[in-house]
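If you want the building blocks of each chain, they are given just below.
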Amino acid sequence: MICGMPRILNRYIFNELAGVFFLSILILTGTALLSKIIKIIELLLTKGLPFTVVMAFVASLLPSFLIYTIPVALLVAVLVCFTRLSSDSEIIAMKASGIGLLNIMRPVMALSVIAFAFSLSIFLYVFPLANLNLKNILFEAARKSLVSSIEEGVFYDKFKGAVLYVEHIEPGSDILNGVFISEELKNGEGNVFLAKSARFEASDSATAISLRLFDGTLHRKAVDEGFYHAADFSSYTVELNPPQASSLGNSRSNRELFADGLLAKARAIEAQGKDPSPVMIDLHKRFALPASVFIFALIGVPLGIQKVRSARLTGFSIALFVALAYYVSSTALESLGETGILNPILSAWGSDIIFLVGGVFAFYGAAREPQKGISSLFATRPRAS
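Residues numbered from 1 in each chain as written. Predicted model: local features only at pLDDT ≥ 70, side-chain atom pairs only at ≥ 80, totals over all residues. Heavy atoms only, no water.

1. Regarding the overall build of the protein
Cut-off, in case you're wondering: What counts as a helix is a DSSP run of H or I of at least four residues, what counts as a strand is a run of E of at least two, and both are numbered from the N terminus. Contacts are assigned to residue pairs that have any heavy atoms within 4.5 Å of one another. Every accessible area reported is derived by Shrake-Rupley at a probe size of 1.4 Å, with residue values counting cover from the shown protein chains alone.
Within the protein, the secondary structure is distributed over nine helices and five strands. Beginning at the N terminus, the succession of helices and strands in the protein can be written as α-α-α-α-α-β-β-β-β-β-α-α-α-α. Relative to all contacts within the protein whose residues are 6 or more apart in sequence, the contacts with residues 24 or more apart total 68%. Split by element, the accessible area of the protein, about 20,600 Å² in all, is 63% carbon and sulfur.

2. A closer look at the layout of surface pockets
Heads up, the condition is: Method remark: on a 1 Å grid restricted to protein atoms, a set of points is classed as a cavity if a 1.4 Å probe fits but cannot get out and as a pocket if it is open with protein on both sides within 12 Å along at least five of seven lines; lining residues have an atom within 4 Å of a point. Grid points are joined across faces, edges and corners, and a volume is the space filled by probe spheres set on the points. Residues are sorted three ways: Asp, Glu, Lys and Arg are charged, Ala, Val, Leu, Ile, Met, Phe, Trp, Tyr, Cys and Pro are nonpolar, and all the rest, Gly among them, are polar.
Size it by volume and the second largest pocket reaches roughly 230 Å³. Looking at the second largest pocket, the residues that line it are K160, G161, A162, E183, E184, L185, K186, E239, L240 and N241. Those elements that provide at least two residues to the lining of the second largest pocket are β2 (175-184) and β5 (227-240). A breakdown of the residues in the lining of the second largest pocket according to their chemical character gives three nonpolar, two polar and five charged.

3. A short note on helix α6 (residues 259-271)
As a reminder, the rule being used: Multiplying one less than the number of residues by 1.5 Å gives the expected span of a helix. Burial classes: relative accessible area under 20% of the type maximum marks a residue as buried, over 50% as exposed, and values in between as partly exposed (1.4 Å probe, protein chains only). The arc under discussion is defined with respect to the helix axis, by the directions toward the C-beta atoms.
End to end, α6 covers 18 Å across 13 residues, agreeing with the expected 18 Å (1.5 Å per residue, within 8%). Within α6, burial applies to L262, A266 and I269. Around the axis of α6, the buried residues are gathered within 65 degrees of arc, so they sit on the same side. Away from the buried face of α6 by more than 90 degrees, exposed residues D260, R267 and A271 are located. Buried-residue contacts for α6 involve α7 (277-304). Where α6 ends, the next residue or the one after it, G273, has phi of about 80 degrees, a positive value.

4. A word on a nonpolar patch on the surface
Stated precisely, the cut-off is as follows: Surface patches are drawn from residues lacking salt bridges whose relative accessible area is over 30%; two like charges belong together within 9 Å, two nonpolar side chains (Val, Leu, Ile, Met, Phe, Trp, Tyr) within 5 Å. Within this document, salt bridges are pairs made up of a side-chain nitrogen of Lys or Arg and a carboxyl oxygen of Asp or Glu, the two lying within 4 Å of each other.
Taken together, L23, L26 and I27 make up a surface patch of nonpolar side chains, about 310 Å² in accessible area. According to the relative accessible area criterion, I27 is partly exposed, its value standing at 45%.

5. Brief notes about the packing of aromatic side chains
The criterion, for reference: The rule is short: rings of Phe, Tyr and Trp, with Trp giving its six-membered ring, pair when the centres are within 6.5 Å, and they are stacked under 30 degrees, edge-to-face over 60, tilted in between.
Within the structure shown, the criterion is met by 12 aromatic pairs. Both rings, one in Y156 and one in F159, keep their centres 5.2 Å apart while their planes meet at 55 degrees; by these two values the pair is tilted. Across the pair, exposure class does not vary: Y156 and F159 are buried alike. Centroid distance F193 to Y236: 5.3 Å. Interplanar angle 40 degrees. Geometry classified as tilted. Within this pair, whereas F193 is found in strand β3 (residues 190-201), its partner Y236 is found in strand β5, the two being separated by 43 residues in sequence.

6. Quick word on the environment of G216
With respect to the helices and strands, the residue G216 is situated in strand β4 (residues 209-222). For G216, a relative accessible area of 7% translates into the label buried. Sequence separation between G216 and Y236 is 20 residues; the distance between their C-alpha atoms is 8.3 Å. When residues no more than four places from it in sequence are discounted, the contact partners of G216 are L194, A195, A231, D232 and F233.

7. Here we look at helix α1 (residues 7-34)
The periodicity of an α-helix, 3.6 residues per turn, causes residues three or four places apart in sequence to face the same way. An ideal rise of 1.5 Å per residue puts 40 Å on 28 residues; α1 measures up with 40 Å between its terminal C-alpha atoms. Of the positions making up α1, those classed as buried are I13, L17, A18, V20, F21, S24, I25, L28, T29 and L33.

8. With respect to the pattern of salt bridges
Enumeration according to the criterion identifies four salt bridges in this entry. Between R84 and E90 there is a salt bridge, with the nearest N and O atoms lying 3.3 Å from each other. The partner of K135 in a salt bridge is E256, and the shortest N-O contact between them spans 3.4 Å. Linking K135 in helix α5 (residues 101-148) with E256 in the loop between β5 and α6, this pair joins segments that are 121 residues apart in sequence. Side by side, K135 and E256 carry an identical accessibility label, which is buried.

9. Considerations on the packing of α6 against α7
Our working definition: Fitting a line to C-alpha atoms yields each axis, with helices limited to the stretch in contact; the angle taken between N-to-C directions then spans 0 to 180 degrees. To sort the angles, those under 35 degrees are grouped as roughly parallel, those over 145 as roughly antiparallel, those from 65 to 115 as roughly perpendicular, and the leftovers as oblique. Two helices crossing with the near one rotated counterclockwise from the far one by less than a right angle form a left-handed crossing, whereas a clockwise rotation gives a right-handed crossing.
Interaxial distance between α6 and α7 falls to 9 Å at its minimum, and their mutual angle equals 155 degrees. Considered as vectors, α6 and α7 are oriented roughly antiparallel to each other. Between α6 and α7 lies a crossing whose hand is left-handed. Of α7, the residues touching α6 (which contributes A259, L262, L263, K265, A266 and I269) are V279, M280, D282, L283 and R286.

10. A short note on the side chain of E256
Of the residues examined, E256 reaches a relative accessible area of 8% and is grouped as buried. Once you skip the residues sitting within four places of it in the chain, E256 turns out to touch P128, N131, L132 and K135.

11. Considering unusual backbone geometry
A negative phi angle is the norm for most residues apart from glycine, just as the trans form is the norm for most peptide bonds. Positive phi, close to 50 degrees, is recorded for D215, a residue that is not glycine. With respect to the helices and strands, the residue D215 is situated in strand β4.

In structure tokens:
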């Protein structure tokens, strides 16, 4: 009896798995990206953003899809590959040669380790950066939309706490002539700017629009002092805040924080006497979701060795069903954790635990099936009389 599995078989199974795995990633991620096609067209056409910026928008979307499509792609690869091997009686041949299911799992686990490392690195490092970049791109689109809506001889009041009036806009450029700005300050004071010309510039702030004024006068009334101030300037920069600035401010959402940032945020919330469960769930989810690739591999092998007629179609269908069940249970458990009904760590890892138990049970049952001899490969079925 053969105790191990020859290298040629390891490479054969690994290559079969890898091909379907990477193809599945492309198909699943491309399908998910189609759901954002309307937003992409809007940025490209109606918002007037350059093609390179739109491509950056697409690249920033990909990590949000990959964290889900990588585990599903691995499950699809395992099911499609082993369903085909089973349909072609190759699994029976391996078992008849003394190669057990644990040995067959080696190339599967090798690919699972690669998928886990890939998924974990995306979730921990690429995902937060991509979401932060995505927020900046959307804000830039909103900024350009606001700037392009400014009209000559019309008071523009869509900036927070400021009113802008422009006498003339030079065609084909962003030069504004005859500029008036009334700015309301937090302490009840106000500024009035009168400038001969102005132009919009890149801002150091991610949530403001910089308008550089030239050859003008600043008028300010100090409420507490009871004085009126006026000062001439050759150049002055005013920061104008669009209405979206409140939702796209400097505070980062959970999706834009790294793991250490999430942990610090959870501790800060707990120090305030509030419930940090939603943040802790997001933190543990960044490890639990990539770890699901091992569980999907464990489930996929025993499900895949069932002999069926259409290997690829059946494997893909089963994969989608298992993945859907996993994500539905994960969403339900996370909801219980966010409401305090379930421990946040248990809610984040609950689906992994449930499916791990089911995977071990299914794999143990498949591994205990009696091995058939070589003669079973050539055995003829009795004909119906």
